[in-house]
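So you can see what is in the structure, the chains are spelled out below.
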Amino acid sequence: MFSQSIIQHATQRALADGALQPIETQTILLDSDGVRFVLRTVSSLARKDKARQATAVTDPLGDYEPSLFVGELGPSHYVLLNKFQVLDGHVLIVTRRFERQECLLGVDDFAALSACLGEVDGLGFYNGGVEAGASQRRKHLQLVPLPLDAESPDGVPMERVLDRGAQLPFRHAFARVTPQATAPELHALYRELLDRCGISAVAEAEGEVQSAPYNLLVRRGWMLVVPRSRACFESISVNGLGFAGSLFLRSQEELGRVRAVGPMQVLRAVAMPQDVHHDA
């Protein structure tokens, strides 16, 4: 069972017992290359880093804190609160059976994501590998409710560019999704977008894994794949939300750097160069 009210109830419980540790941020909106980016400067990521280094748990999404549990999601997945939340309602869609984060998504993964998007108007995303911003080994998708910022005029800032069919300055593949799309149809579209980006399946003993890192973003009406070249621009880490138009920065110095070069150029630096037209 999954719903917005269940997330809210789990959040209140986890806040009460200290399992949930939200990260405080200051937010500004910055126009760049036709997108009104949401830039959040955080003040407590050092706590997150210290906690990650101190924990002895090697699989925190499998051996999770009970208070972070939101609910079951069919036979293959369950939902957890993101322990160090920047956005309220940020949840993780976790595979029950251990699979590496580099494994390609399957039909079951899209069935789980679709079930969540059917209940919450949100943005699903996947960080395919360390170079794409993944910080945990166990395969998991993520979901954040929309809008990404209450002061932003856009639910997903990058939609300003995607909606008018403009070309992004890095390799990507984009497609519309019909509201009636089934999990197998979403999975087939995902594999098509990977192929258009030059990412293939590599057979290993545990199943198919990706040939290169990438980010996947999914909303009710569209899907976007962005192959990655590196995890960071200088000291600035970029995950899938960066390609939605939302960047998280650890200091005022990082904020100043993004202002100087422009957030779209940050994304361009961590993505693959655009050599052919991949947009649809």
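Structure first, text after, so check above.
Everything in this summary refers to the structure shown in the same document. None of the values given here were measured: they were computed from a predicted structure. (Residues numbered from 1 in each chain as written. Predicted model: local features only at pLDDT ≥ 70, side-chain atom pairs only at ≥ 80, totals over all residues. Heavy atoms only, no water.)

### Observations regarding the sheet that holds strand 2 (residues 35-42)
Within the open sheet, the 3 strands sit side by side as 1-2-15. Their pairing is mixed. Sheet topology places strand 1 (25-32) and strand 15 (246-249) at the edges, where each strand pairs with a single neighbour. Along the sheet, successive strands turn relative to each other by an average axial angle of 25 degrees, direction set aside. Pairing of strand 1 with strand 2 involves 8 bridges; the strand directions are antiparallel. When the sheet's bridge partners are listed, D31 is paired in strand 2 with R36. Each of strand 1, strand 2 and strand 15 is contacted by helix 7 (residues 263-270), which is oriented at about 80 degrees to strand 2, the strand it contacts most. (Pairing = 2+ DSSP bridges. Helix = DSSP H or I, 4+ residues; strand = E, 2+ residues; numbered from the N terminus. Axes fitted to C-alpha atoms, helices over the stretch in contact; angles between N-to-C directions. Contact = heavy atoms within 4.5 Å.)

### Quick look at the pattern of salt bridges
Overall, the coordinates contain 17 salt bridges when judged by the stated rule. Here R40 and D149 are joined by a salt bridge, their closest N and O atoms 3.6 Å apart. Here the residue R40 occupies a position in strand 2, and D149 occupies one in the loop between strand 7 (140-145) and helix 4 (159-163), the gap between them amounting to 109 residues. A residue is classified by how much of its surface remains accessible, and R40, at 4% relative accessible area, is buried. Here E99 ties to K139 by a salt bridge, and the two come within 3.1 Å at their closest N and O atoms. Of this pair, E99 sits in the loop between strand 5 (91-95) and helix 3 (107-119) while K139 sits in the loop between strand 6 (122-128) and strand 7, and the two are 40 residues apart along the sequence. One salt-bridge network, held together by shared partners, links R97, E99, D109 and K139. (Salt bridge = Lys/Arg side-chain N within 4 Å of Asp/Glu carboxyl O. Buried < 20%, exposed > 50% of the residue type's maximum accessible area, 1.4 Å probe, protein only.)

### What to know about the layout of surface pockets
Counted as a void, the second largest pocket has a volume near 160 Å³. Along its surface, the second largest pocket is lined by L113, S114, L117, G118, V177, T178, P179, A181, L186, V218, R219 and R220. Of all the elements in the fold, those that place two or more residues in the lining of the second largest pocket are helix 3 and strand 11 (214-219). Each residue belonging to the lining of the second largest pocket can be placed in one class, and the counts come to 7 nonpolar, 3 polar and 2 charged. (1 Å grid on protein atoms, 1.4 Å probe; cavity = no way out; pocket = protein on both sides within 12 Å on 5 of 7 lines; lining within 4 Å. Points joined across faces, edges and corners; volume = space filled by probe spheres on them. Nonpolar A, V, L, I, M, F, W, Y, C, P; charged D, E, K, R; others polar.)

### Some thoughts on the nonpolar core
In terms of nonpolar packing, the biggest core is built from 40 residues, with F2, L81, Y190, Y214, L216 and M223 touching the most fellow members. If you tally residues by element for this core, the top one is helix 5 (residues 183-196), at 6 residues. In contact with Y190, other than residues within four places in its own chain, are L104, L105, F110, Y214, L216 and M223. L39, F125, V156 and A244 belong to the second-largest nonpolar core, a separate cluster that totals 37 residues. (Core = buried A, V, L, I, M, F, W, Y, C linked by side-chain atoms within 4.5 Å.)

### A few points about helix 6 (residues 252-261)
For helix 6, the full list of buried residues reads E254, L255 and V258. Down the axis, helix 6 shows its buried residues gathered within 105 degrees of arc, on one side only. When the buried face of helix 6 is taken as reference, the exposed residues oriented beyond 90 degrees from it are E253 and A260. For helix 6, the elements touching its buried residues are strand 1, strand 2, strand 14 (236-237), strand 15 and helix 7. A positive phi of about 95 degrees marks G262, the residue just after helix 6. (Arc of directions from axis to C-beta.)

### Describing the packing of aromatic side chains
Tallying each qualifying case throughout the model produces 8 aromatic pairs. On the basis of an interplanar angle of 15 degrees and a centroid distance of 5.8 Å, the ring pair of Y64 and F69 is categorised as stacked. Grouping aromatic residues by their ring pairs yields a cluster made of F110, Y126, Y190 and Y214. The ring of F84 is capped by K83, whose NZ or CZ atom sits 5.7 Å from the centre of that ring. (Phe/Tyr/Trp six-rings, centres within 6.5 Å; stacked < 30°, edge-to-face > 60°. Lys NZ or Arg CZ within 6 Å of the ring centre and 35° of its normal.)

### Observations regarding the environment of R13
When you line up the elements, R13 lands in helix 1 (residues 4-16). In this structure, the C-alpha to C-alpha distance between R13 and S67, residues 54 residues apart in sequence, is 6.7 Å. Excluding its chain neighbours within four sequence positions, the residues that come into contact with R13 are P66, S67, L68 and F69.

### A word on helix 1
If you check helix 1, its first and last C-alpha atoms are 19 Å apart, about what 13 residues at 1.5 Å a residue would give, namely 18 Å. For helix 1, the complete set of buried residues consists of I7, A10, T11 and A14. All buried residues of helix 1 project into a common sector of 105 degrees when viewed along the axis, lining one side. Turned more than 90 degrees off the buried face of helix 1, the exposed positions are H9, Q12 and A16. (Expected span 1.5 Å × (residues − 1).)

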